[in-house]
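Here is what each chain is made of, one letter per residue.
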2 protein chains.
Amino acid sequence: MEAVDTRKVKESADWLRYLTLMGVERPASGHPGLPLGCADLGVMLFRYFLRGSGAHPEWPNRDRFILSAGHGSMLLYGLGHLFGYPFTLKDLAAFRVLGSKTPGHPEYDLSHGLETTTGPLGQGFANAVGVALSSKMLAARFNKPDLSLFDFRVFTLMGDGCTMEGLTNEAASMAGHLGLDNLVAIYDDNNISIDGHVDITMTENVGARYEALGWHVERVEGSDLAAVAAQLGKLPALAGKPKLLIMKTAIGEGLDKLKGQHKIHGAPAGLDEIAYFVKNSTFAKSFLARYPDATTAEIIKAKLQEELKSGEFTPAPDLKAFLAGKSEAHDPLIAAWTSKLEDYKKKYPVDAALLARFLRPEVTPELRQELLAYAQDADATRKIGASTLQILCKHWPGMVGGSADLVGSTFATVKGDKYVQKGDYAGRNIAFGIREHAMGAVANGLALGKAFIPFTSTFFTFVDYMKPAVRLAALMKLKHLFVFTHDSIYVGEDGPTHQPIEHLGSMRLIPGLHTFRPANDMEMGFSMLHYAEHQGPAVVLGTRQALDASLFKLPGDRAAWYEKFKKGAYALFDTAGKPDLILAGSGSEVSTLVQAKALLEQKGKKVRLVSIPCLELFDEADPAYKASLLPTGVPVYLAEAASHRGFQAFYGRDIHPLAMNRFGESGSYKAVAKHFGFTPEAVAEAAMKL
Amino acid sequence: MEAVDTRKVKESADWLRYLTLMGVERPASGHPGLPLGCADLGVMLFRYFLRGSGAHPEWPNRDRFILSAGHGSMLLYGLGHLFGYPFTLKDLAAFRVLGSKTPGHPEYDLSHGLETTTGPLGQGFANAVGVALSSKMLAARFNKPDLSLFDFRVFTLMGDGCTMEGLTNEAASMAGHLGLDNLVAIYDDNNISIDGHVDITMTENVGARYEALGWHVERVEGSDLAAVAAQLGKLPALAGKPKLLIMKTAIGEGLDKLKGQHKIHGAPAGLDEIAYFVKNSTFAKSFLARYPDATTAEIIKAKLQEELKSGEFTPAPDLKAFLAGKSEAHDPLIAAWTSKLEDYKKKYPVDAALLARFLRPEVTPELRQELLAYAQDADATRKIGASTLQILCKHWPGMVGGSADLVGSTFATVKGDKYVQKGDYAGRNIAFGIREHAMGAVANGLALGKAFIPFTSTFFTFVDYMKPAVRLAALMKLKHLFVFTHDSIYVGEDGPTHQPIEHLGSMRLIPGLHTFRPANDMEMGFSMLHYAEHQGPAVVLGTRQALDASLFKLPGDRAAWYEKFKKGAYALFDTAGKPDLILAGSGSEVSTLVQAKALLEQKGKKVRLVSIPCLELFDEADPAYKASLLPTGVPVYLAEAASHRGFQAFYGRDIHPLAMNRFGESGSYKAVAKHFGFTPEAVAEAAMKL
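Residues numbered from 1 in each chain as written. Chains lettered and ligands numbered in written order. Predicted model: local features only at pLDDT ≥ 70, side-chain atom pairs only at ≥ 80, totals over all residues.

**Quick notes on the overall build of chain A**
Part 1 of the argument: When you go through chain A residue by residue, the secondary structure sums to 27 helices and 17 strands.
Part 2 of the argument: Relative to a compact globule of 690 residues, whose C-alpha radius of gyration would be 26 Å, chain A shows 28 Å and is just as compact.
Part 3 of the argument: The dimensions of chain A, computed from C-alpha atoms along their principal axes, are 95 × 65 × 50 Å.
Part 4 of the argument: Expressed as a percentage of its 690 residues, the buried residues of chain A come to 62%.
Part 5 of the argument: Put simply, 79% of the contacts in chain A that link residues at least 6 apart link residues at least 24 apart. (Helix = DSSP H or I, 4+ residues; strand = E, 2+ residues; numbered from the N terminus. Rg over C-alpha atoms; globule rule 2.2 N^0.38 Å. Buried ≥ 20, exposed ≤ 12 C-beta atoms within 10 Å, placed from the backbone. Contact = placed C-beta atoms within 7 Å.)

Following this line, the structure appears as structure tokens:
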């Protein structure tokens, strides 16, 4: 291990501070406080401790750095630039501009060293727990006494916000229980949150809490770089427990009036403060090298003003050799690992082939056929869901997961496999405990490494407890399968707190997520197949109660049925010629409708029965198909034990929506609005066409 | 203080166990495990320590008992019967039957001693924190050195589930910070959760964690009744900190094979086990008194079978005097308090009048007029929302609240007032910290006592972090005002994690909640007025960005405008005669539409502009009004920067939904489905009418 050059660390950190200040100043938007406070830590970590290299950002055994306090994104982008990730100075100068590589909060992109999307507080910390767990689980599966492939560590940086979120406590409790000693969390303890000093709202002993959760805790002054280096060297090596380093820092470090002030958390520092910093920090040398006459505050400000206009930030050529030392030290590690992998392939060909299946799960013809053909007797779809889940688990060895203490009710488990436990990470089942939020976010962490495919499960009504993680799975297009059961009022006796109402619609509204509510065995198999074949997460719902037997073992070619299913809504039972009436519904209500249809037919009505396993897919279907399935002039009776409150006001009305059915983008609000067509001109033009 | 008669406590607890076992056995549904384990604690608490009486369940200074582990509802109903709350044996025998007083999980009903709705884990605990805070806040406002009106304590019972939920940690951190020494939490530490022993998922040191959070922690064996009594006597009196009593119990206490087993958590025990209990517990005496020949297991089972059929559970007349001792001891306390209140009214008439305003907030003509008339220059609606909030705060002294560390952005604060802090509870602002979930649930607790009207606030996208609390506010019809700002993609630079998309629709789908998205100053005032005038919670949204000036200070009679507003959607600008085109939208998109309208008019179009401040109200409006506002044959261009994904597939189609736009009910699933019309017969009949 190379000795830490704290002087060079400080100089590099000061350059990073300047880049942060300028990056935020340009759009007059962003959060400089954390990057200023944690720049030294970041540089030290990246330069000396984080195994990996900007040239190989997707190296499977790289150490991970996860910025849970995602608002400090300039720290990540700046470190990326310093250490050879594909961030140019121009990219930093385009911070928060629509379409840039440097959006307001970090957005998952491994090619740029962005290990996950953060911003919603606590999510990154919980992701880090999942990533650390995936390291342990890979090691348990693939490491050999003579050939160890996986031992990556995870470092995560969190602030007071992450610390206060209950999600973080859930995830920390899990990490302690599982003994994830490859996880180091750094708590940027600056005693400042947006509304002022943290002690107006939090006076708990955070360190003692983490010790109670089974963590090893250390404290350090962030300004004592040698002490920080000593901790970063020591902590990853301590065995048996995850580690928390409580690092006292000053928010806005390096500034004059704003240092230690909450105002610097989320607003630009202003030219006076930047000039003060440039003049009084080690960065002055680089600045003077570029602008030899910049010796007074006035001239510095003028130069900074020019840079803000041009977007041409000052480089620090003196630091080049120091920063490049990172790659020089670590590229050989990566080369050695790659060579080890080749040895592994030769010596352990079966395991190597299995590893390939972990890293590239495929929908083989066999998997497709099993799900296509899946048939069983009438039952509750939660049970059928669990059975089809076993098919996925059989074909995808990387599929792992569990429930929030409800295996006995949702049945979502890898049958016959054991629980992951401290010291034994070979199992495929994870006992998440009654921690839905951590379940969602830790499982997202498992998915981030792309070696595991997680499923998680609880009662559908409790998706509320983990919604932020569902949203992030959709935003990041993670292959996370959500198995939610007890999907409506048919829960019965447990009553209104346990009966989902608004939840079905709420899931449908989330961009990038498919929500399936299958009516029978066939649709359950199809739902799982559609999930398997498509990028991104899916919600698959199951009923508590058994469904109508006539919907099971339907005749006909399954591949043809699947083509219909993929349109999101289709005629499960049709009439010859135009129907008098259409009955439509999803899930368990199809059982009700099939019986209602018989009653209506007794009265001489010709009835089409439309099943809607995925309303979002139907929404996206070809307009001609939609019109043929639900033709003008034929009334549709829709039965769904879920809320349509509000929206149904528009049913049957000539409404042409300009809506946001996708996630947004980082950019000035005017640029964003224009990008999505929310301008008077675009609206007028579209409206003219009606 | 009366000496605790542990023998009588045990006998009463055994009767309660029998009632629980039978109550759950009848519908073959429910959770006997916790009531069996905690029956002794419950009886002891209600008999000796909980100030109050079943005859006066709404006495303002009563101590509260909140069963956070709501699945153990039979404990509450049983204690209610024992201690004179209006639960009869017949009610207990109707457990989980549709329409009974004894639903699956406790549903807020002060007349029955049900202090809050619980079931979703951790909510009750966080409510308890809010209720304890309300006691302190009432004391700070009204107690006099010579006349102390409010000093009620809060006892809450939680299990492993509540303990693991992150929400609980957030709320416990708040309680510790605020020094709520009138709060005693009892942790039913039975080491069992649904999937088995808790140590498969949680091995943290819960006591040490709570100590780190600023709590005083004690441990006790639940079977040592004298020790439990000693703790219940000691803990409430300890000053300065909230208290946690970790009580080791056995789930299913009293049973033969199921004691200590996870199977007894949520399923009936079965006749063999009940017979074992009846034979081997102190309840045998009462049973034999009724059935002198019930000396063998077979005869006991036969008698139990008869009772299950008839619903006539065995009483315990021997315990009558002991149980009645509660009222005898406490009714005089209540009488003394009532007399003290009369003295207070005489001695402190101004404060007494203020107290009346706390307990019965009214929409006075002045309040109505201020909100009706509210006008200001064009601005971001988050700022306008904050201004109109001040009007509510001015008229309602019980209005208190705050944000999740975002006062600087959402502006939701009681201007000029101070923060509630440990030892000084006179302030009206609460620094909830970055704990959205606890904010929602603690504020629900403030609302439960009916003396305070809470508002809470964060960025709209982070409603995801507190959704379960929003849902419960709606389910309980609590007067909780949610002020959410930064309501769409117009958030801009912070990017997709911070731009709400699905959130608007998700709120609309929640039964019992009104979601307002005002377009200008007038609609903001109206939104606050509508909230003030109606039962239950509301969400009021605010934009980050300033809106179009032409929408501000609209002419016309405000009362007439308000009548239109109350229909949820209305023509903000109309044409003479039938329009060619309708532009419709909500919030900031109305700004876009007003400009688009001008462009369309330049092209000769006659355009109606419809503002939709509350789509749910429009959904409920008279069909003739809806048809007149959006007439057939006139296309509607709807602009809303929010997701309509899925639902919009039905726009323009002849859809007649049978949906669940209200919360469900506890009962067998068949009874519930029938109750809401989800039967083939009801569907066929409704469909025939189309």
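**So, the sheet that holds strand β15 (residues 607–611) of chain A**
Part 1 of the argument: Pairing is mixed across the open sheet formed by 5 strands, whose spatial order is β13(A)-β15(A)-β14(A)-β16(A)-β17(B). Each edge of the open sheet carries a strand with a single partner, namely β13 (570–573) of chain A together with β17 (655–658) of chain B. Taken pair by pair, the neighbouring strands of this sheet meet at an average axis angle of 30°, ignoring direction.
Part 2 of the argument: In the sheet, strand β14 (residues 581–585) of chain A pairs with β15(A) via 5 bridges, with the strands oriented parallel. Opposite A:Leu583, over in β15(A), you have A:Leu609 as the bridge partner. (Pairing = 2+ DSSP bridges. Axes fitted to C-alpha atoms, helices over the stretch in contact; angles between N-to-C directions.)

**Section: the interface of chain A and chain B**
Part 1 of the argument: Between chain A and chain B, the residue contacts involve 135 residues of the former and 138 residues of the latter.
Part 2 of the argument: For strand β17 (residues 655–658) of chain A and strand β16 (residues 636–639) of chain B, the ladder comprises 4 bridges, and the chain directions are parallel. Bridge pairing in β16(B) places A:His656 opposite B:Tyr637.

**Regarding the relation of the copies chain A and chain B**
Part 1 of the argument: If you rotate chain A by 180° and push it 0.0 Å along the axis, it lands on chain B with an RMSD of 0.0 Å. When the rotation and shift are considered jointly, the pair of chain copies conforms to a two-fold rotation axis.
Part 2 of the argument: A shared binding surface is used by both copies, with 100% of the interface residues of chain A retained as interface residues in chain B. (Least-squares fit on C-alpha atoms with pLDDT ≥ 70 in both.)

**Some details on the sheet that holds strand β3 (residues 183–189) of chain A**
All names here are of chain A.
Part 1 of the argument: In space, the 5 strands of this open sheet follow the order β1-β2-β3-β7-β6, with parallel pairing throughout. The open sheet terminates on both sides in strands that have one partner only, identified here as β1 (64–67) and β6 (216–221). Strand-to-strand twist across the sheet, computed as the mean angle between neighbouring axes with direction ignored, equals 20°.
Part 2 of the argument: In terms of strand pairing, β1 meets strand β2 (residues 154–158) through 4 bridges, oriented parallel. Considered in β2, the bridge of Ile66 is made with Thr156.
Part 3 of the argument: Contacts between helix α5 (residues 123–142) and the sheet are confined to β1, β2 and β3, with β2 contributing the most and set at about 170° to the helix.
Part 4 of the argument: Each of β6 and β7 (243–248) is contacted by helix α9 (residues 225–234), which is oriented at about 160° to β6, the strand it contacts most.

**Quick look at the nonpolar core**
Part 1 of the argument: By size, the foremost hydrophobic cluster in this structure holds 458 residues, and its most contacted members are A:Val129, A:Ala171, A:Val442, A:Leu583, B:Val129, B:Ala171 and B:Val442.
Part 2 of the argument: If near-sequence neighbours (up to four positions away) are discounted, A:Ala171 is found in contact with A:Phe125, A:Ala126, A:Val129, A:Ala438, A:Ala441 and A:Val442. (Core = buried A, V, L, I, M, F, W, Y, C linked by C-beta atoms within 7 Å.)

**Here we look at the packing of helix α1 (residues 6–25) of chain B against helix α9 (residues 225–234) of chain B**
Residues and elements named next belong to chain B.
Part 1 of the argument: Taken N-terminus to C-terminus, the directions of α1 and α9 make an angle of 100°; their axes are 10 Å apart at the nearest point. Taken together, the axis directions place α1 and α9 in an arrangement best described as roughly perpendicular. The residues of α9 that touch α1, namely those facing Thr6, Val9 and Lys10, are Leu225, Ala226 and Ala229. (Parallel < 35°, antiparallel > 145°, perpendicular 65-115°, else oblique.)

**Observations regarding unusual backbone geometry**
Part 1 of the argument: Even without being a glycine, A:His486 presents a positive backbone phi close to 60°.
Part 2 of the argument: Along the chain, the position of A:His486 falls in the loop between β10 (481–485) and α20 (503–508).
Part 3 of the argument: The backbone of B:Lys450 shows a phi angle near 65°, a positive value even though the residue is not glycine.
Part 4 of the argument: Here B:Lys450 lies in the loop between α18 (436–448) and β9 (453–459).

**Looking at the environment of A:Gly677**
Residues and elements named next belong to chain A.
Part 1 of the argument: Mapped onto the secondary structure, Gly677 falls in the loop between α26 (669–675) and α27 (680–688).
Part 2 of the argument: Among the residues examined, Gly677 registers 16 C-beta atoms within 10 Å and is labelled partly exposed.
Part 3 of the argument: The contact partners of Gly677, leaving out residues within four places of it in the chain, are Leu658 and Ala682.

**A look at helix α1 (residues 6–25) of chain A**
Part 1 of the argument: A rise of 1.5 Å per residue sets the reference length of α1(A), with its 20 residues, at 28 Å; its end C-alpha atoms lie 28 Å apart and thus fit the reference within 8%.
Part 2 of the argument: Among the 20 residues of α1(A), 16 are classified as buried, and the element is accordingly described as predominantly covered. (Expected span 1.5 Å × (residues − 1).)

**Observations regarding the pairing of β14(A)**
One face of the sheet, then the other: side chains in a regular strand alternate in exactly this way.
Residues and elements named next belong to chain A.
Part 1 of the argument: Among the 5 residues of β14, 5 are classified as buried, and the element is accordingly described as predominantly covered.
Part 2 of the argument: Burial of the side chains of β14 extends over both faces: Leu581, Leu583 and Gly585 are buried on one face and Ile582 and Ala584 on the other.
Part 3 of the argument: Once you follow β14 into helix α23 (residues 588–602) and on to β15, the crossover reads as right-handed.
Part 4 of the argument: The sheet contact formed by β14 and strand β16 (residues 636–639) spans 4 bridges and is parallel. Within β16, the position partnered with Ala584 by the bridge is Leu638. (Right-handed = clockwise from strand over helix to strand, strands pointing away.)

**Things to note about the environment of A:Leu121**
Part 1 of the argument: As for its position among the elements, A:Leu121 is in the loop between α4 (89–93) and α5.
Part 2 of the argument: It is 28 Å that separates the C-alpha atoms of A:Leu121 and A:Gly398, two residues lying 277 residues apart in sequence.
Part 3 of the argument: In this view, A:Leu121 contacts A:Gly161, A:Cys162, A:Glu165 and B:Ile434; residues no more than four positions away in its chain are not counted.

**Here's the deal with the environment of A:Ala321**
Residues and elements named next belong to chain A.
Part 1 of the argument: In this fold, Ala321 is placed in helix α13 (residues 320–347).
Part 2 of the argument: For Ala321, a count of 10 C-beta atoms within 10 Å puts it in the exposed group.
Part 3 of the argument: Sequence spacing of Ala321 and Lys578 is 257 residues, and the spatial spacing of their C-alpha atoms is 77 Å.

**Some details on the confidence of the model for chain A**
Close inspection of predicted coordinates is inappropriate for parts of the model with low pLDDT.
Part 1 of the argument: Put simply, chain A has an average pLDDT of 97, and 100% of its residues get 70 or more.
Part 2 of the argument: Predicted complex metrics record ipTM = 0.97 and pTM = 0.98. (pLDDT = per-residue confidence, 0-100.)

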